[in-house]
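Each chain is listed here by its residues.
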Amino acid sequence: MSKKYITVTKESNTGRNQQFQVTPTGEKMTRAQLVREIRNGDFPDYHVRTINGIATPVSNPDGSKKNNLG
């Protein structure tokens, strides 16, 4: 199974990530959907932080900027 990467496809006017796309599948999902899948263990390279009271998907720190969400 190939590694899944997440890219942000839509941000709010305040800069909060709202929609995402999974590479290589092309699947699109909302922030809430992605949070749910991360919590289910479907994306082991990402975790969820609560930022300003909102569950927010973030990439695990690994020294690489190419796979950061944002």
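This text goes with the structure placed above it.
Criteria and thresholds
Each chain carries its own residue numbering, running from 1 in the written order of its sequence. Restriction of local features to residues with pLDDT of at least 70 applies here, the model being predicted, together with a cutoff of 80 or more for giving and counting side-chain atom pairs; totals for whole chains, interfaces and linings are based on all residues. Only heavy atoms go into the side-chain values, all of them from the structure, while hydrogens and water stay out. Salt-bridge detection follows one rule: a side-chain nitrogen of Lys or Arg within 4 Å of a carboxyl oxygen of Asp or Glu. Helical segments are the DSSP runs of H or I of at least four residues, strand segments are the runs of E of at least two, and each set is numbered from the N terminus. Each residue is placed in one exposure class: buried if its accessible area under a 1.4 Å probe, protein chains only, is under 20% of its type's maximum, exposed if it is over 50%, and partly exposed if it falls in between. Note on pairing: two strands pair once DSSP finds at least 2 bridges between them. To pair, rings of Phe, Tyr and Trp, with the six-membered ring standing in for Trp, must have centres within 6.5 Å; the planes then decide the type, stacked if under 30 degrees apart, edge-to-face if over 60, and tilted in the middle. Geometrically, a lysine NZ or arginine CZ counts as sitting over a ring once it is within 6 Å of the ring centre and also within 35 degrees of the ring normal.

Draft legend 1. Looking closely at the pattern of salt bridges. The final tally for this structure, using the stated rule, is one salt bridge. In this structure, the salt-bridge partner of Lys3 is Asp45, at a minimum N-O distance of 3.5 Å. Separated by 42 residues along the polypeptide, Lys3 in the segment before strand S1 (5-11) and Asp45 in the loop between helix H1 (31-39) and strand S4 (46-51) bring together distant segments of the chain. Here Lys3 falls in the partly exposed class, since its relative accessible area comes to 45%. We classify Asp45 as partly exposed; its relative accessible area is 28%.

Draft legend 2. How the structure looks around the pairing of S4. Both S4 and strand S5 (residues 54-59) contribute to a ladder of six bridges, which runs antiparallel. Residue pairing across strands places His47 opposite Val58, the latter belonging to S5.

Draft legend 3. Summary view of the packing of aromatic side chains. Taken as a whole and assessed by the stated rule, the structure comprises one aromatic pair. Relative to Tyr46, the ring of Phe43 has its centre 6.5 Å away and its plane inclined at 80 degrees; by these criteria the two rings are edge-to-face. A residue is classified by how much of its surface remains accessible, and Phe43, at 2% relative accessible area, is buried. The positively charged end of Lys4 is found above the aromatic ring belonging to Phe43, 4.4 Å away from the centroid.

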